[in-house]
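Structure assessment
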Amino acid sequence: QVPLVESGGGLVQAGGSLRLSCATSGRTFRAYNAAWFRQAPGKEREFVASINKNGGSVYADSVKGRFTLSRDDAETTLYLEMNSLKPEDTALYFCAADRYYLGTSPRSFDYWGQGTQVTVSS
């Protein structure tokens, strides 16, 4: 098991910023590929961004240029910096990790956090 705990969600006006965190314990993200997904009510869970074991990141087109994914030096916490937020970014945001898989399908990630809610008002 890889414990993942998200935090940092909240209510923000359009154009604002939030920073989400995903913390693990007893592990480091150096050993895992990790990603952020989001799920809005009535919609499927969708890929937001991922970071591989070596620190390389990939972003969905919908957030490219606005969101930045990073790791802390201890490699136990991921950060998703979200700028220029839009109402369509409103969703429950999940952190996921997998020792081997790195892609955009949520079905292939083994470990998940409980999610943190992001609400962007217009």
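Figured I'd write up the structure that's included with this text. (Residues numbered from 1 in each chain as written. Predicted model: local features only at pLDDT ≥ 70, side-chain atom pairs only at ≥ 80, totals over all residues. Heavy atoms only, no water.)

**Quick look at the sheet that holds strand β1 (residues 5-7)**
Pairing is antiparallel in the open sheet, where four strands are placed in the order β1-β3-β8-β7. The outermost strands of the open sheet, each flanked by one partner alone, are β1 and β7 (67-71). When the angles between neighbouring strand axes are averaged without regard to direction, this sheet yields 15°. Strand direction decides the pairing type here: β7 and strand β8 (residues 77-82), joined by five bridges, are antiparallel. Bridge pairing in β8 places Arg 71 opposite Leu 78. (Pairing = 2+ DSSP bridges. Helix = DSSP H or I, 4+ residues; strand = E, 2+ residues; numbered from the N terminus. Axes fitted to C-alpha atoms, helices over the stretch in contact; angles between N-to-C directions.)

**So, the nonpolar core**
The biggest cluster of nonpolar side chains holds 34 residues, and the ones touching the most others in it are Trp 36, Leu 78, Leu 80, Met 82 and Tyr 93. Residue contributions to this core peak at five residues, all from strand β9 (residues 91-98). Beyond its immediate sequence surroundings of up to four residues, Leu 80 is in contact with Leu 18, Arg 19, Leu 20, Trp 36, Val 48, Ala 49, Phe 67, Thr 68, Leu 69 and Tyr 93. (Core = buried A, V, L, I, M, F, W, Y, C linked by side-chain atoms within 4.5 Å. Buried < 20%, exposed > 50% of the residue type's maximum accessible area, 1.4 Å probe, protein only. Contact = heavy atoms within 4.5 Å.)

**Focus on the side chain of Glu 6**
Along the chain, Glu 6 turns up in strand β1. Within the buried core, Glu 6 has no salt-bridge partner, and the shortest N-O distance to an opposite charge, that of Arg 45, equals 7.7 Å. A polar side-chain atom of Glu 6 sits 3.0 Å from the main-chain amide nitrogen of Gln 114. (Lys, Arg positive; Asp, Glu negative; His and termini not counted. Salt bridge = Lys/Arg side-chain N within 4 Å of Asp/Glu carboxyl O. Polar contact = N/O pair within 3.5 Å; in protein donor to acceptor, adjacent residues only side chain to side chain.)

**Topic: the packing of aromatic side chains**
Counting across every chain of the model gives seven aromatic pairs. Between Phe 37 and Phe 47 the ring centres are 5.9 Å apart and the planes differ by 75°, which places this aromatic pair in the edge-to-face class. Separated by 10 residues along the polypeptide, Phe 37 in strand β4 (residues 33-39) and Phe 47 in strand β5 (residues 46-51) bring together distant segments of the chain. Neither residue differs from the other here; Phe 37 and Phe 47 are each classed as buried. Between Phe 37 and Trp 112 the ring centres are 5.2 Å apart and the planes differ by 50°, which places this aromatic pair in the tilted class. Of the two residues, Phe 37 sits in strand β4 while Trp 112 sits in strand β10 (residues 111-112), which places them 75 residues apart along the sequence. Under the relative-accessibility criterion, Phe 37 is labelled buried at 0%. Judged by relative accessible area, which is 24%, Trp 112 ranks as partly exposed. Aromatic rings pair up to connect Phe 37, Phe 47, Phe 94, Tyr 101, Phe 109 and Trp 112 into one cluster. (Phe/Tyr/Trp six-rings, centres within 6.5 Å; stacked < 30°, edge-to-face > 60°.)

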